[in-house]
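Analysis of the macromolecular model
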Amino acid sequence: MYKSILTFQVAFSCVIPIAVVSSFSPGATTQLTPNRQKLRNKEINNKHNNFSTTYSCPFSPLTKNSSTVIKITRTNTRLNMCQLLGMNCATPTDFVFSFSGFRQRGGLTDKHSDGWGCIFYEGRGVRAFHDSSPAAESPIADLISNYPIKTLNMLAHIRYATTGAVALENVHPFQREMWGIIFSFAHNGDVPKFGKDRMHPWIGDVCGEKTYNPVGDTDSEAVFCAILNALHAKFKTLPTMPVLYDAIAALCKEIVTDTCGSTEEDSRNPDDPPIFNMLLGVGQHVQFAYSWPGARPGSTCWNGLCYTVRKPPFATAKLSDMDYSVDFNAVTTESDCVAVIATTPLTNNEQWVEFERGELVLFDNGLPHSAIDDIARVEEKGHGLQSRVLQKLPLPKAAADFHTWYGGAKNRRAIDDVSNNFVI
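Presented here is a report on the structure given in the accompanying data block. (Residues numbered from 1 in each chain as written. Predicted model: local features only at pLDDT ≥ 70, side-chain atom pairs only at ≥ 80, totals over all residues. Heavy atoms only, no water.)

**As for the overall build of the protein chain**
Spelled out, the test is: In DSSP terms, a helix is any run of H or I states spanning at least four residues, a strand is any run of E spanning at least two, and both are numbered starting from the N terminus. Contact criterion: two residues are considered in contact whenever any of their non-hydrogen atoms come within 4.5 Å of each other. To measure how exposed things are, a 1.4 Å probe is used in the Shrake-Rupley method; for residues, cover is taken only from the protein chains shown.
Of the regular secondary structure elements, the protein chain holds nine helices and 19 strands. Of the contacts made within the protein chain by residues no fewer than 6 positions apart, 73% connect residues no fewer than 24 positions apart. As displayed, the protein chain offers around 17600 Å² of accessible surface, 51% of which is attributable to carbon and sulfur atoms.

**Digging into helix H5 (residues 241–255)**
Residues spaced three or four apart along an α-helix point in a common direction, a consequence of the helix completing one turn every 3.6 residues. Here is the rule we go by: Here the expected length of a helix is defined as 1.5 Å per residue gap, with one fewer gap than residues. The classification of residues rests on relative accessible area computed with a 1.4 Å probe and restricted to protein chains. Under 20% of the type maximum is buried, over 50% is exposed, and intermediate values are partly exposed.
Its 15 residues give H5 an end-to-end C-alpha distance of 21 Å, which sits within 8% of 21 Å, the value for a rise of 1.5 Å per residue. Of all 15 residues making up H5, eleven are buried, and the element is well covered by its neighbours.

**Observations concerning the packing of H5 against helix H7 (residues 372–380)**
The line we're drawing: An axis is simply a line fitted to the C-alpha atoms; with a helix, the fit covers only the stretch in contact. Between two such axes, the angle follows the N-to-C directions and lies from 0 to 180 degrees. For classification purposes, angles smaller than 35 degrees are called roughly parallel, those larger than 145 roughly antiparallel, those between 65 and 115 roughly perpendicular, and all remaining angles oblique.
Contact geometry of H5 with H7 gives a least axis separation of 8 Å together with a crossing angle of 125 degrees. Considering their axes alone, H5 and H7 lie oblique with respect to each other. Packed against H5, whose contacting residues are Met241, Pro242 and Tyr245, the element H7 presents Ile372, Ile375, Ala376, Val378 and Glu379 at the interface.

**A closer look at the pairing of strand E11 (residues 275–282)**
Basically, it comes down to this: Here, any two strands with at least 2 DSSP bridges between them count as paired.
The buried count for E11 comes to eight of eight residues, which makes it a mostly enclosed element. Burial along E11 is two-sided: the residues Ile275, Asn277, Leu279 and Gly281 and Phe276, Met278, Leu280 and Val282 are all buried. Where E11 folds back on strand E12 (residues 287–292), the antiparallel hairpin that results is connected by four residues, among which Gly283 adopts a positive phi of roughly 115 degrees.

**Quick notes on the pattern of salt bridges**
Note the following rule: Salt bridge criterion: a side-chain nitrogen from Lys or Arg within 4 Å of a carboxyl oxygen from Asp or Glu.
Enumeration according to the criterion identifies nine salt bridges in this entry. Measuring nitrogen to oxygen at the nearest pair gives 2.7 Å for the salt bridge that ties Glu122 to Arg127. Taking the relative accessible area as the measure of exposure, Glu122 reaches 41% and is therefore partly exposed. Judged by its relative accessible area of 29%, Arg127 falls in the partly exposed class. Here Lys234 ties to Asp205 by a salt bridge, and the two come within 2.7 Å at their closest N and O atoms. Note that Lys234 is positioned in helix H4 (residues 219–234) and Asp205 in the loop between strand E10 (181–190) and H4, a separation of 29 residues in sequence. Exposure remark for Lys234: the relative accessible area of 12% places this residue in the buried category. What makes Asp205 exposed here is its relative accessible area of 63%.

**Some remarks on the sheet that holds strand E19 (residues 367–369)**
Strand order in the open sheet formed by six strands is E9-E10-E11-E12-E18-E19, and the pairing between neighbours is antiparallel. Each edge of the open sheet is held by one strand with a lone partner, namely strand E9 (174–178) and E19. The sheet shows a mean angle of 25 degrees between the axes of neighbouring strands, direction not considered. Pairing of E12 with strand E18 (residues 359–364) involves five bridges; the strand directions are antiparallel. Looking at the pairing, Ser291 lines up with Glu359 of E18.

**Observations regarding the packing of aromatic side chains**
The criterion, for reference: Here a Phe, Tyr or Trp ring, Trp counted by its six-membered ring, pairs with any other such ring whose centre lies within 6.5 Å, and the pair is stacked when the planes are under 30 degrees apart, edge-to-face when over 60, and tilted otherwise.
With the rule as written, the count across this model stands at 13 aromatic pairs. Geometrically, the ring pair formed by Phe95 and Phe120 is edge-to-face, given 5.1 Å between the ring centres and 75 degrees between the ring planes. With Phe95 in the loop between strand E5 (83–94) and helix H2 (96–102) and Phe120 in strand E6 (residues 116–122), the pair connects residues that are 25 residues apart, well separated along the chain. Judged by relative accessible area, which is 1%, Phe120 ranks as buried. Judged by centre distance (6.0 Å) and plane angle (80 degrees), the rings of Trp179 and Phe235 are edge-to-face. Of this pair, Trp179 sits in the loop between E9 and E10 while Phe235 sits in the loop between H4 and H5, and the two are 56 residues apart along the sequence. The exposure class of Phe235 is buried, given its relative accessible area of 5%.

**Let's talk about the environment of Ala295**
Inspection of the secondary structure assignment puts Ala295 in the loop between E12 and strand E13 (306–310). Along the backbone, Ala295 and Ile275 are 20 residues apart, and their C-alpha atoms lie at a distance of 7.6 Å.

**Some words on H7**
As a reminder of what qualifies: Our arc is simply the arc of the directions from the helix axis toward the C-beta atoms.
Within H7, burial applies to Ile375, Ala376, Val378 and Glu379. In a view along the axis of H7, the buried residues occupy a sector of 150 degrees, so they form one face of it. With its phi angle positive at about 90 degrees, Gly382 sits one or two positions after the end of H7.

**Let's talk about the side chain of Asn277**
Worth spelling out the cut-off: A 3.5 Å cut-off defines polar contacts: any pair of N or O atoms within that distance qualifies, except that in protein one atom must be a possible hydrogen donor and the other a possible acceptor, and neighbouring residues in sequence count only when both atoms are side-chain atoms.
Within the secondary structure, Asn277 sits in strand E11. Within the local environment of Asn277, its side chain forms a polar contact with the backbone nitrogen of Trp292, the two atoms lying 3.4 Å apart. Looking at Asn277, its side chain comes within polar contact range of the main-chain oxygen of Asn303, at 3.2 Å.

**With respect to the packing of H4 against H5**
The criterion, for reference: What makes a crossing left-handed is the near helix being turned counterclockwise from the far one by less than a right angle; a clockwise turn instead makes it right-handed.
At their nearest, the axes of H4 and H5 sit 11 Å apart, and the two run at 135 degrees to each other. Taken as axis vectors, H4 and H5 run oblique relative to one another. For the crossing formed where H4 meets H5, the hand is right-handed. Along its contact with H4, which presents Val223, Ile227, Ala230, Leu231 and Lys234, the element H5 presents Leu244, Ala247, Ile248, Leu251 and Ile255.

**Description of the pairing of strand E17 (residues 351–354)**
Across the two faces of E17 the burial differs, with Trp352 and Glu354 buried and Gln351 and Val353 not buried at all. Taken together, the two bridges between E13 and E17 define a ladder with antiparallel strand orientation. Paired with Cys306 across the bridge in E17 is Glu354.

Keep in mind these numbers describe shape, not what the thing actually does.
Here you go:
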(Lines give C-alpha, C1' and ligand atoms only; values in the text may rest on other atoms or scores of the structure.)
Protein backbone atom coordinates (compact mmCIF):
# COMPACT_ATOMS: atom_id res chain seq x y z
CA MET A 1 0.00 0.00 0.00
CA TYR A 2 1.28 3.44 -0.87
CA LYS A 3 2.09 5.86 1.88
CA SER A 4 0.87 9.08 0.33
CA ILE A 5 0.08 12.58 1.44
CA LEU A 6 -3.00 13.91 -0.30
CA THR A 7 -4.79 17.19 0.23
CA PHE A 8 -7.87 18.37 -1.62
CA GLN A 9 -10.18 21.30 -2.05
CA VAL A 10 -13.65 20.51 -3.35
CA ALA A 11 -16.47 22.88 -4.32
CA PHE A 12 -19.79 21.62 -5.69
CA SER A 13 -22.62 23.61 -7.21
CA CYS A 14 -25.11 20.75 -6.79
CA VAL A 15 -25.68 17.72 -4.57
CA ILE A 16 -24.41 14.51 -6.19
CA PRO A 17 -23.88 10.87 -5.16
CA ILE A 18 -20.10 11.09 -4.85
CA ALA A 19 -17.84 10.45 -1.90
CA VAL A 20 -14.59 12.28 -1.25
CA VAL A 21 -12.47 10.30 1.16
CA SER A 22 -9.47 11.23 3.26
CA SER A 23 -7.32 8.14 2.70
CA PHE A 24 -5.56 7.04 -0.48
CA SER A 25 -4.85 3.39 -1.20
CA PRO A 26 -4.22 2.05 -4.71
CA GLY A 27 -4.12 -1.57 -3.56
CA ALA A 28 -7.16 -2.98 -5.32
CA THR A 29 -8.35 -6.50 -4.70
CA THR A 30 -6.63 -8.35 -7.53
CA GLN A 31 -5.85 -11.97 -8.29
CA LEU A 32 -2.05 -11.89 -8.56
CA THR A 33 0.58 -14.43 -9.49
CA PRO A 34 3.50 -14.79 -7.04
CA ASN A 35 5.93 -13.16 -9.50
CA ARG A 36 3.68 -10.19 -10.04
CA GLN A 37 3.10 -9.82 -6.29
CA LYS A 38 6.86 -9.78 -5.72
CA LEU A 39 7.39 -7.14 -8.39
CA ARG A 40 4.44 -5.11 -7.18
CA ASN A 41 5.93 -5.05 -3.66
CA LYS A 42 9.11 -3.60 -5.15
CA GLU A 43 7.07 -1.13 -7.18
CA ILE A 44 5.16 0.02 -4.12
CA ASN A 45 8.37 0.65 -2.21
CA ASN A 46 9.89 2.67 -5.05
CA LYS A 47 9.68 6.43 -4.49
CA HIS A 48 10.01 9.20 -7.05
CA ASN A 49 9.61 12.95 -7.21
CA ASN A 50 7.00 14.78 -5.14
CA PHE A 51 4.38 16.87 -6.87
CA SER A 52 1.45 19.13 -6.17
CA THR A 53 -1.23 20.06 -8.65
CA THR A 54 -4.77 21.25 -9.01
CA TYR A 55 -7.13 19.28 -11.25
CA SER A 56 -10.53 20.41 -12.46
CA CYS A 57 -12.88 17.47 -12.91
CA PRO A 58 -16.52 17.41 -14.05
CA PHE A 59 -18.18 14.39 -12.50
CA SER A 60 -20.42 13.67 -15.48
CA PRO A 61 -23.11 12.76 -16.25
CA LEU A 62 -24.82 13.55 -12.95
CA THR A 63 -22.64 16.53 -12.23
CA LYS A 64 -22.08 17.90 -15.71
CA ASN A 65 -23.24 21.32 -14.51
CA SER A 66 -21.11 21.32 -11.37
CA SER A 67 -17.64 22.70 -10.92
CA THR A 68 -15.23 20.50 -8.99
CA VAL A 69 -11.61 21.27 -8.22
CA ILE A 70 -9.32 18.75 -6.55
CA LYS A 71 -5.86 19.72 -5.40
CA ILE A 72 -3.61 16.67 -5.11
CA THR A 73 -0.28 16.41 -3.32
CA ARG A 74 1.53 13.07 -3.29
CA THR A 75 4.91 11.91 -2.10
CA ASN A 76 5.48 9.16 -4.65
CA THR A 77 4.56 7.92 -8.11
CA ARG A 78 4.84 4.62 -9.91
CA LEU A 79 7.11 3.62 -12.78
CA ASN A 80 5.56 1.75 -15.70
CA MET A 81 5.65 1.38 -19.46
CA CYS A 82 2.63 2.63 -21.38
CA GLN A 83 -0.78 1.92 -19.91
CA LEU A 84 -3.99 0.71 -21.48
CA LEU A 85 -7.66 1.32 -20.78
CA GLY A 86 -10.53 -0.43 -22.51
CA MET A 87 -14.26 -0.39 -21.88
CA ASN A 88 -16.92 -2.66 -23.36
CA CYS A 89 -20.59 -2.21 -22.53
CA ALA A 90 -24.03 -3.79 -22.89
CA THR A 91 -25.69 -0.38 -23.24
CA PRO A 92 -24.23 2.97 -24.38
CA THR A 93 -22.13 4.26 -21.48
CA ASP A 94 -19.78 7.19 -20.95
CA PHE A 95 -16.39 6.54 -19.41
CA VAL A 96 -15.81 9.83 -17.62
CA PHE A 97 -15.31 8.08 -14.27
CA SER A 98 -12.61 5.69 -15.46
CA PHE A 99 -10.95 8.26 -17.71
CA SER A 100 -10.78 10.78 -14.87
CA GLY A 101 -8.57 8.39 -12.91
CA PHE A 102 -6.70 7.01 -15.90
CA ARG A 103 -5.56 10.41 -17.17
CA GLN A 104 -3.91 11.17 -13.83
CA ARG A 105 -1.32 8.54 -14.72
CA GLY A 106 -0.40 10.61 -17.76
CA GLY A 107 2.14 12.78 -15.96
CA LEU A 108 0.50 13.32 -12.59
CA THR A 109 0.38 10.15 -10.50
CA ASP A 110 2.68 8.33 -12.92
CA LYS A 111 5.29 8.96 -15.62
CA HIS A 112 3.29 8.33 -18.81
CA SER A 113 3.61 11.86 -20.12
CA ASP A 114 4.54 11.21 -23.76
CA GLY A 115 1.09 11.46 -25.26
CA TRP A 116 -2.33 9.88 -25.01
CA GLY A 117 -5.26 8.92 -27.17
CA CYS A 118 -8.70 7.33 -27.15
CA ILE A 119 -11.15 5.91 -29.67
CA PHE A 120 -14.92 5.59 -29.21
CA TYR A 121 -16.95 3.42 -31.56
CA GLU A 122 -20.25 4.91 -32.63
CA GLY A 123 -22.15 2.78 -35.12
CA ARG A 124 -19.80 2.05 -38.04
CA GLY A 125 -17.76 5.16 -37.27
CA VAL A 126 -15.39 6.23 -34.52
CA ARG A 127 -14.51 9.39 -32.64
CA ALA A 128 -10.74 9.53 -32.22
CA PHE A 129 -8.74 11.94 -30.05
CA HIS A 130 -4.94 12.06 -29.90
CA ASP A 131 -2.46 14.42 -28.27
CA SER A 132 1.30 14.26 -27.80
CA SER A 133 0.95 16.28 -24.57
CA PRO A 134 0.57 14.59 -21.17
CA ALA A 135 -2.99 13.42 -20.52
CA ALA A 136 -3.01 14.99 -17.07
CA GLU A 137 -2.65 18.49 -18.54
CA SER A 138 -4.01 18.13 -22.07
CA PRO A 139 -6.82 20.54 -23.07
CA ILE A 140 -8.16 17.78 -25.32
CA ALA A 141 -8.35 15.47 -22.31
CA ASP A 142 -10.21 18.26 -20.50
CA LEU A 143 -12.67 18.29 -23.40
CA ILE A 144 -13.22 14.53 -23.13
CA SER A 145 -13.74 14.85 -19.39
CA ASN A 146 -16.37 17.52 -19.96
CA TYR A 147 -18.07 15.71 -22.84
CA PRO A 148 -19.62 12.41 -21.71
CA ILE A 149 -19.53 10.51 -25.00
CA LYS A 150 -21.54 7.30 -24.75
CA THR A 151 -20.31 4.19 -26.50
CA LEU A 152 -20.44 0.41 -26.45
CA ASN A 153 -16.74 0.01 -27.12
CA MET A 154 -13.69 2.21 -26.50
CA LEU A 155 -9.90 2.06 -26.20
CA ALA A 156 -7.51 4.51 -24.55
CA HIS A 157 -3.75 4.69 -24.07
CA ILE A 158 -1.22 6.82 -22.21
CA ARG A 159 2.33 6.65 -23.51
CA TYR A 160 5.73 6.28 -21.93
CA ALA A 161 7.99 6.42 -24.99
CA THR A 162 10.39 3.50 -25.32
CA THR A 163 10.42 3.21 -29.14
CA GLY A 164 9.87 6.24 -31.35
CA ALA A 165 9.93 9.97 -30.60
CA VAL A 166 7.34 11.88 -28.65
CA ALA A 167 5.20 12.82 -31.63
CA LEU A 168 1.59 12.62 -32.71
CA GLU A 169 2.25 9.85 -35.25
CA ASN A 170 3.42 7.59 -32.41
CA VAL A 171 0.38 8.10 -30.18
CA HIS A 172 -1.99 5.15 -29.68
CA PRO A 173 -4.64 3.93 -30.36
CA PHE A 174 -3.92 3.34 -34.03
CA GLN A 175 -6.72 2.71 -36.50
CA ARG A 176 -7.09 1.28 -40.00
CA GLU A 177 -10.00 0.33 -42.26
CA MET A 178 -10.13 -3.31 -43.31
CA TRP A 179 -13.10 -5.09 -44.95
CA GLY A 180 -15.11 -1.88 -44.55
CA ILE A 181 -14.63 -2.06 -40.76
CA ILE A 182 -12.54 0.22 -38.56
CA PHE A 183 -10.00 -1.77 -36.56
CA SER A 184 -8.27 -0.02 -33.64
CA PHE A 185 -5.27 -1.07 -31.60
CA ALA A 186 -3.38 -0.07 -28.45
CA HIS A 187 -0.35 -1.82 -26.98
CA ASN A 188 1.67 -1.94 -23.80
CA GLY A 189 5.08 -3.57 -23.76
CA ASP A 190 8.00 -4.12 -26.07
CA VAL A 191 8.29 -6.39 -29.13
CA PRO A 192 11.96 -6.23 -30.18
CA LYS A 193 11.59 -7.99 -33.53
CA PHE A 194 9.24 -5.21 -34.65
CA GLY A 195 11.64 -2.44 -33.65
CA LYS A 196 12.04 0.52 -36.02
CA ASP A 197 15.58 -0.52 -37.04
CA ARG A 198 14.57 -4.04 -38.07
CA MET A 199 12.88 -5.60 -41.07
CA HIS A 200 9.42 -6.36 -39.76
CA PRO A 201 8.72 -10.08 -40.18
CA TRP A 202 5.63 -11.48 -41.85
CA ILE A 203 3.36 -13.31 -39.45
CA GLY A 204 0.65 -15.81 -40.19
CA ASP A 205 0.52 -18.97 -42.26
CA VAL A 206 -0.58 -17.35 -45.53
CA CYS A 207 1.74 -14.98 -47.38
CA GLY A 208 0.40 -11.87 -49.02
CA GLU A 209 1.04 -8.22 -49.73
CA LYS A 210 1.88 -5.70 -47.04
CA THR A 211 -1.22 -3.61 -47.56
CA TYR A 212 -0.89 -1.92 -44.18
CA ASN A 213 2.26 -0.08 -43.18
CA PRO A 214 3.19 1.95 -40.09
CA VAL A 215 3.21 5.73 -40.27
CA GLY A 216 5.20 6.28 -37.09
CA ASP A 217 8.22 4.61 -35.52
CA THR A 218 6.72 2.42 -32.81
CA ASP A 219 6.90 -1.35 -32.60
CA SER A 220 3.24 -1.19 -31.58
CA GLU A 221 2.00 0.22 -34.87
CA ALA A 222 4.23 -2.20 -36.77
CA VAL A 223 2.68 -5.13 -34.90
CA PHE A 224 -0.83 -3.78 -35.59
CA CYS A 225 -0.10 -3.56 -39.31
CA ALA A 226 1.38 -7.07 -39.27
CA ILE A 227 -1.79 -8.45 -37.69
CA LEU A 228 -4.00 -6.74 -40.26
CA ASN A 229 -1.83 -7.89 -43.16
CA ALA A 230 -1.98 -11.48 -41.91
CA LEU A 231 -5.76 -11.40 -41.52
CA HIS A 232 -6.22 -9.69 -44.89
CA ALA A 233 -4.14 -12.36 -46.60
CA LYS A 234 -5.81 -15.25 -44.80
CA PHE A 235 -9.49 -14.58 -45.34
CA LYS A 236 -11.37 -14.49 -48.64
CA THR A 237 -14.69 -14.05 -46.90
CA LEU A 238 -15.59 -12.24 -43.70
CA PRO A 239 -14.73 -14.53 -40.79
CA THR A 240 -17.19 -15.31 -38.04
CA MET A 241 -16.16 -14.54 -34.47
CA PRO A 242 -14.98 -18.05 -33.51
CA VAL A 243 -12.79 -18.22 -36.60
CA LEU A 244 -11.46 -14.69 -36.08
CA TYR A 245 -10.73 -15.46 -32.41
CA ASP A 246 -8.73 -18.54 -33.43
CA ALA A 247 -6.78 -16.58 -36.05
CA ILE A 248 -5.92 -13.72 -33.67
CA ALA A 249 -4.88 -16.17 -30.96
CA ALA A 250 -2.48 -17.85 -33.39
CA LEU A 251 -1.02 -14.50 -34.47
CA CYS A 252 -0.51 -13.37 -30.88
CA LYS A 253 1.31 -16.61 -30.12
CA GLU A 254 3.57 -16.05 -33.10
CA ILE A 255 4.28 -12.45 -32.08
CA VAL A 256 5.60 -13.53 -28.67
CA THR A 257 7.57 -16.37 -30.26
CA ASP A 258 10.95 -15.60 -31.74
CA THR A 259 11.38 -16.71 -35.35
CA CYS A 260 14.29 -19.00 -34.50
CA GLY A 261 12.26 -21.42 -32.39
CA SER A 262 9.04 -23.39 -32.28
CA THR A 263 7.53 -22.56 -28.92
CA GLU A 264 7.35 -19.60 -26.58
CA GLU A 265 9.41 -21.32 -23.91
CA ASP A 266 12.37 -22.47 -26.00
CA SER A 267 12.68 -19.65 -28.52
CA ARG A 268 12.56 -16.33 -26.70
CA ASN A 269 15.75 -14.37 -26.26
CA PRO A 270 16.19 -14.38 -22.47
CA ASP A 271 17.98 -11.04 -22.60
CA ASP A 272 15.29 -9.32 -24.65
CA PRO A 273 11.93 -11.10 -24.23
CA PRO A 274 8.77 -9.63 -25.71
CA ILE A 275 6.16 -7.97 -23.54
CA PHE A 276 2.90 -7.86 -25.44
CA ASN A 277 -0.35 -6.61 -23.97
CA MET A 278 -2.89 -5.36 -26.48
CA LEU A 279 -6.43 -4.13 -27.00
CA LEU A 280 -7.95 -4.66 -30.45
CA GLY A 281 -11.29 -3.09 -31.36
CA VAL A 282 -13.11 -4.75 -34.27
CA GLY A 283 -16.26 -2.68 -34.63
CA GLN A 284 -18.83 -1.21 -32.30
CA HIS A 285 -19.51 -4.37 -30.26
CA VAL A 286 -16.37 -6.47 -29.82
CA GLN A 287 -12.96 -5.87 -28.29
CA PHE A 288 -10.14 -8.41 -28.01
CA ALA A 289 -7.58 -8.24 -25.20
CA TYR A 290 -4.39 -10.30 -25.03
CA SER A 291 -1.66 -10.42 -22.40
CA TRP A 292 1.90 -11.64 -22.53
CA PRO A 293 3.18 -9.86 -19.41
CA GLY A 294 6.68 -9.20 -18.20
CA ALA A 295 9.17 -6.77 -16.72
CA ARG A 296 12.51 -5.50 -17.96
CA PRO A 297 15.65 -6.16 -15.87
CA GLY A 298 15.90 -3.55 -13.14
CA SER A 299 12.29 -2.48 -13.58
CA THR A 300 9.94 -2.31 -10.61
CA CYS A 301 6.86 -2.67 -12.79
CA TRP A 302 5.01 -5.77 -13.93
CA ASN A 303 3.35 -5.04 -17.27
CA GLY A 304 0.22 -7.10 -17.73
CA LEU A 305 -3.55 -6.73 -18.06
CA CYS A 306 -6.49 -7.10 -15.71
CA TYR A 307 -10.22 -6.45 -15.88
CA THR A 308 -13.27 -5.91 -13.72
CA VAL A 309 -16.95 -6.29 -14.61
CA ARG A 310 -19.59 -3.95 -13.21
CA LYS A 311 -23.05 -5.50 -13.30
CA PRO A 312 -26.12 -5.71 -11.04
CA PRO A 313 -26.12 -5.42 -8.12
CA PHE A 314 -23.95 -2.33 -8.56
CA ALA A 315 -21.87 -0.81 -5.77
CA THR A 316 -19.69 2.21 -5.12
CA ALA A 317 -16.34 2.31 -6.92
CA LYS A 318 -13.38 4.36 -5.69
CA LEU A 319 -10.58 5.51 -7.99
CA SER A 320 -7.00 4.74 -7.01
CA ASP A 321 -5.39 7.82 -8.56
CA MET A 322 -7.65 10.49 -7.09
CA ASP A 323 -10.19 10.88 -4.29
CA TYR A 324 -13.27 10.22 -6.36
CA SER A 325 -15.98 7.61 -5.94
CA VAL A 326 -19.34 6.98 -7.57
CA ASP A 327 -22.30 4.95 -6.37
CA PHE A 328 -23.14 3.12 -9.61
CA ASN A 329 -26.30 1.68 -8.07
CA ALA A 330 -27.76 5.19 -8.20
CA VAL A 331 -26.94 5.84 -11.86
CA THR A 332 -27.44 2.49 -13.62
CA THR A 333 -30.23 0.13 -14.67
CA GLU A 334 -30.63 -3.64 -14.61
CA SER A 335 -29.64 -3.81 -18.28
CA ASP A 336 -26.25 -2.16 -17.73
CA CYS A 337 -23.07 -4.23 -17.72
CA VAL A 338 -19.59 -2.79 -18.19
CA ALA A 339 -16.19 -4.45 -18.48
CA VAL A 340 -13.18 -2.25 -17.76
CA ILE A 341 -9.76 -3.48 -18.89
CA ALA A 342 -6.58 -1.82 -17.62
CA THR A 343 -2.86 -2.33 -17.21
CA THR A 344 -3.22 -1.95 -13.45
CA PRO A 345 -6.45 -1.62 -11.44
CA LEU A 346 -8.10 1.80 -11.63
CA THR A 347 -10.09 1.34 -8.45
CA ASN A 348 -9.12 0.20 -4.97
CA ASN A 349 -12.32 -1.49 -3.82
CA GLU A 350 -13.33 -3.72 -6.75
CA GLN A 351 -12.35 -7.25 -7.74
CA TRP A 352 -9.87 -7.17 -10.63
CA VAL A 353 -8.90 -10.36 -12.46
CA GLU A 354 -5.43 -10.66 -13.92
CA PHE A 355 -5.04 -12.21 -17.37
CA GLU A 356 -3.19 -15.48 -17.60
CA ARG A 357 -0.01 -15.47 -19.65
CA GLY A 358 -0.95 -15.94 -23.29
CA GLU A 359 -4.69 -15.49 -22.64
CA LEU A 360 -6.89 -13.95 -25.32
CA VAL A 361 -10.29 -12.68 -24.18
CA LEU A 362 -13.15 -11.43 -26.35
CA PHE A 363 -15.31 -8.78 -24.68
CA ASP A 364 -18.88 -8.26 -25.80
CA ASN A 365 -21.92 -6.82 -24.00
CA GLY A 366 -19.67 -5.97 -21.06
CA LEU A 367 -18.65 -9.59 -20.42
CA PRO A 368 -15.45 -11.62 -21.06
CA HIS A 369 -15.57 -14.65 -23.37
CA SER A 370 -12.96 -17.26 -24.25
CA ALA A 371 -15.00 -20.48 -24.58
CA ILE A 372 -15.97 -21.42 -28.14
CA ASP A 373 -19.67 -21.73 -27.29
CA ASP A 374 -19.74 -18.23 -25.78
CA ILE A 375 -17.93 -16.76 -28.76
CA ALA A 376 -20.33 -18.52 -31.12
CA ARG A 377 -23.25 -16.92 -29.30
CA VAL A 378 -21.67 -13.49 -29.84
CA GLU A 379 -21.88 -14.20 -33.57
CA GLU A 380 -25.39 -15.60 -33.36
CA LYS A 381 -26.82 -12.51 -31.71
CA GLY A 382 -25.50 -10.28 -34.48
CA HIS A 383 -22.37 -8.87 -32.83
CA GLY A 384 -19.93 -10.39 -35.31
CA LEU A 385 -18.16 -8.47 -38.04
CA GLN A 386 -20.51 -6.44 -40.24
CA SER A 387 -19.33 -5.36 -43.68
CA ARG A 388 -20.87 -3.92 -46.82
CA VAL A 389 -17.89 -4.84 -48.97
CA LEU A 390 -17.04 -8.43 -47.99
CA GLN A 391 -19.39 -11.41 -47.91
CA LYS A 392 -19.73 -13.60 -44.82
CA LEU A 393 -20.44 -17.32 -44.93
CA PRO A 394 -23.92 -18.32 -43.72
CA LEU A 395 -24.06 -18.60 -39.96
CA PRO A 396 -24.66 -22.12 -38.61
CA LYS A 397 -28.05 -22.41 -36.96
CA ALA A 398 -26.74 -23.57 -33.57
CA ALA A 399 -23.59 -23.07 -31.55
CA ALA A 400 -22.99 -26.81 -31.63
CA ASP A 401 -22.47 -26.61 -35.38
CA PHE A 402 -19.39 -24.47 -34.74
CA HIS A 403 -17.62 -27.43 -33.18
CA THR A 404 -17.85 -29.35 -36.46
CA TRP A 405 -17.15 -26.38 -38.67
CA TYR A 406 -14.49 -24.82 -36.42
CA GLY A 407 -12.93 -28.23 -35.81
CA GLY A 408 -9.63 -29.31 -34.35
CA ALA A 409 -6.20 -28.81 -35.82
CA LYS A 410 -6.19 -32.19 -37.58
CA ASN A 411 -9.46 -31.37 -39.36
CA ARG A 412 -8.74 -27.71 -40.06
CA ARG A 413 -7.48 -28.10 -43.64
CA ALA A 414 -10.40 -30.24 -44.76
CA ILE A 415 -12.86 -27.88 -43.09
CA ASP A 416 -11.20 -24.85 -44.66
CA ASP A 417 -11.30 -26.43 -48.12
CA VAL A 418 -15.02 -27.04 -47.79
CA SER A 419 -15.89 -23.66 -46.30
CA ASN A 420 -13.47 -21.73 -48.55
CA ASN A 421 -13.24 -19.30 -45.62
CA PHE A 422 -9.46 -19.60 -45.38
CA VAL A 423 -6.89 -19.31 -48.11
CA ILE A 424 -5.12 -22.66 -48.39
